[in-house]
Amino acid sequence: HKLGSLTSSLQYPTCLSQSCPTCSHGTGKPQKPKSTQTDRGPRRRFTFSRTRNPIYIGDLLILTGLILRFDAVLSLVLVPVFLWVIERRFVIPEEDRLRRKFRADFARYCQKTPRWV
C-alpha cells in the first residue's frame, strides 16, 4: 500500500511540470530549440538529460503505483503492455517527426540521452 502511494505521489508533480523542450507551450507543435529555450532551470535540464521520455516514465510509475496501492498485483502484467503500446503508438512516431524536423540536433540529443532510463 505505502509503496504504491509513494510511487504515484512522487511522479504526479513531474508529469504536471514537464513538457518537451522542443515543443511550444500548449500548441504541441515542435519548435527549433534556442540555446535559452532548452535551459529553463535545473529540473528540466536534469529530467531531459536522463531520458527522452520522462512523462511516459512518470505515467508508467503512476500505473505501477496504483496497481500496488490497490493490491491488484495480477494487473502488473499490464505494465510491460502499457510500455509497449506507448512506445509503438507515441514514442516512435514522435521521434520520427523530431528526427525529420531537427536532423543533426535531434541525432546529437539521441546519442547523449537514452529513450528510457
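Residues numbered from 1 in each chain as written. Predicted model: local features only at pLDDT ≥ 70, side-chain atom pairs only at ≥ 80, totals over all residues. Heavy atoms only, no water.

**Comments concerning the side chain of Asn53**
Rules: We count a stretch as a helix when DSSP gives it H or I for four or more residues in a row; a strand needs E for two or more, and each element gets its number in order from the N terminus. To sort residues, take the accessible area from a 1.4 Å probe on protein chains only and compare it with the maximum for the residue type: under 20% means buried, over 50% means exposed, and anything in between is partly exposed. For this analysis, a polar contact is any N or O atom pair within 3.5 Å, provided that within protein one partner can donate a hydrogen and the other can accept it, and provided that sequence-adjacent residues contribute only side-chain to side-chain pairs. The criterion used for residue contact is that any of the two residues' heavy atoms lie within 4.5 Å.
With respect to the helices, strands and loops of the structure, Asn53 is situated in the loop between α2 (42–50) and α3 (54–69). The class of Asn53 is buried, set by a relative accessible area of 6%. A distance of 3.0 Å separates the side chain of Asn53 from the backbone oxygen of Arg115, its partner in a polar contact. Residues in contact with Asn53, not counting those within four places in the same chain, are Val91, Glu95, Arg115 and Trp116.

**Structural notes on the packing of aromatic side chains**
Just so we agree on the cut-off: Think of it this way: a Phe, Tyr or Trp ring, Trp meaning its six-membered ring, pairs with another when their centres are within 6.5 Å, and the plane angle makes it stacked under 30 degrees, edge-to-face over 60, tilted otherwise. Over a ring means this: the NZ of a Lys or the CZ of an Arg is within 6 Å of the ring centre and within 35 degrees of the ring normal.
Evaluation of the coordinates by the stated rule reveals two aromatic pairs. Ring geometry for Phe106 against Tyr109: centres 6.2 Å apart, planes inclined by 45 degrees, an arrangement best described as tilted. With a gap of three residues between them, Phe106 and Tyr109 both fall in helix α5 (residues 104–112), about one helical turn apart. Positioned over the ring face of Phe70 is Arg69, at 5.7 Å from the centre of the ring.

**Re α3**
The condition is simple: A helix is expected to reach a length of 1.5 Å times the quantity of its residues less one.
For α3, with 16 residues, the first-to-last C-alpha span of 22 Å sits near the 22 Å given by 1.5 Å per residue. Within α3 the residues assigned to the buried category are Pro54, Tyr56, Ile57, Gly58, Leu60, Thr64, Gly65 and Ile67.

**Considering a nonpolar patch on the surface**
What counts is decided by this rule: Nonpolar side chains (Val, Leu, Ile, Met, Phe, Trp, Tyr) are joined into patches within 5 Å and like charges within 9 Å, using only residues with over 30% relative accessible area and no salt bridge. Values of accessible area rely on a 1.4 Å probe in the Shrake-Rupley scheme; residue burial ignores everything except the protein chains shown. Whenever a carboxyl oxygen of Asp or Glu lies within 4 Å of a side-chain nitrogen of Lys or Arg, that contact is scored as a salt bridge.
A cluster of nonpolar side chains, namely Val81, Trp84 and Val85, defines an oily patch on the protein surface of about 290 Å² accessible area. Position of Val81 among the secondary structure elements: in helix α4 (residues 78–102).

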